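# Chains, contacts and geometry: an overview
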Amino acid sequence: ARHPFGNFVVQHILEHGSPEHRQRMVIALCEDAGRLARHRIASNVVRAALIHSQSQDRAELVQALAPDRQELLNLGKHKIGSFVCREIKLLSKKHDA
């Protein structure tokens, strides 16, 4: 997810892969979600996972990213993590509508 070119492959799998492939990607991302969300390149993969994953997988990823309110606030204050936090906010608004 952090490779300058490999991240595009992962994003493509998240966008066009089967639900099983997406789920496996999300599981892998959850293992180090906080650090990946703050990485300049990997944050794009995390955002793609949030956008293209099933609702249950998305919920697991959000839980891994921000297990509590304080961690979500810290992510939002980070230069790169703020983009992931913004995606979480947009998706929650979409889900509520």
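Only a predicted model underlies this, so the values are computations on that prediction, with no experimental measurement involved. Per chain, the residues get numbers from 1 upward, laid out in the order the sequence is written. Side-chain atom pairs in this predicted model are given and counted only at pLDDT of 80 or more, local residue features only at pLDDT of at least 70, and totals for whole chains, interfaces and linings cover all residues. For the side-chain quantities, the full set of heavy atoms in the structure was used; hydrogens and water were omitted.

By nonpolar core is meant a set of buried Ala, Val, Leu, Ile, Met, Phe, Trp, Tyr and Cys residues that side-chain atoms within 4.5 Å join together. Remark: exposure states derive from per-residue accessible area (1.4 Å probe, protein chains only) relative to the maximum for the residue type, with buried under 20%, exposed over 50%, and partly exposed in between. In terms of nonpolar packing, the biggest core is built from 20 residues, with Val-46, Leu-50, Leu-61, Leu-65 and Val-84 touching the most fellow members. Considering every element that reaches this core, the biggest residue donor is helix H4 (residues 42–52), with six residues. Throughout, a residue-residue contact means that at least one pair of heavy atoms, one from each residue, lies within 4.5 Å. Other than its neighbours up to four places away in sequence, Leu-65 contacts Ala-33, Gly-34, Ala-37, Val-46, Leu-50, Glu-71, Val-84 and Ile-88. Comment: elements are numbered from the N terminus, with helices defined as DSSP H or I runs of at least four residues and strands as E runs of at least two.

A word on the packing of helix H2 (residues 19–30) against helix H5 (residues 55–65). Between H2 and H5, the shortest axis-to-axis distance is 9 Å and the interhelical angle comes to 10 degrees. When the interaxial angle is binned, H2 and H5 end up roughly parallel. Residues Gln-23, Val-26, Leu-29 and Cys-30 of H2 form the contact with H5, whose own contacting residues are Asp-57, Glu-60, Leu-61 and Ala-64. All residues other than Ala, Val, Leu, Ile, Met, Phe, Trp, Tyr, Cys, Pro, Asp, Glu, Lys and Arg, Gly among them, are scored as polar; the first ten of these are nonpolar and the last four charged. Of the residues assigned to the contact of H2 with H5, the class counts are five nonpolar, one polar and two charged. Between N-to-C directions, angles cover 0 to 180 degrees, with each direction set by a line fitted to C-alpha atoms, over the stretch in contact for helices. Here the word oblique covers every angle except those under 35 degrees (roughly parallel), over 145 (roughly antiparallel) and from 65 to 115 (roughly perpendicular).

As a further point, take the pattern of salt bridges. The term salt bridge refers to a pairing of a side-chain nitrogen on Lys or Arg with a carboxyl oxygen on Asp or Glu at a separation within 4 Å. Applying the stated criterion to the full structure yields four salt bridges. Where Arg-35 meets Asp-32, a salt bridge forms, and the shortest distance between an N and an O atom there is 2.8 Å. Here Asp-32 falls in the partly exposed class, since its relative accessible area comes to 27%. Between Arg-47 and Glu-87 there is a salt bridge; the shortest N-O distance is 3.7 Å. Of this pair, Arg-47 sits in helix H4 while Glu-87 is found in helix H7 (residues 81–96), placing the two residues 40 residues apart along the sequence. The exposure class of Arg-47 is partly exposed, given its relative accessible area of 26%.

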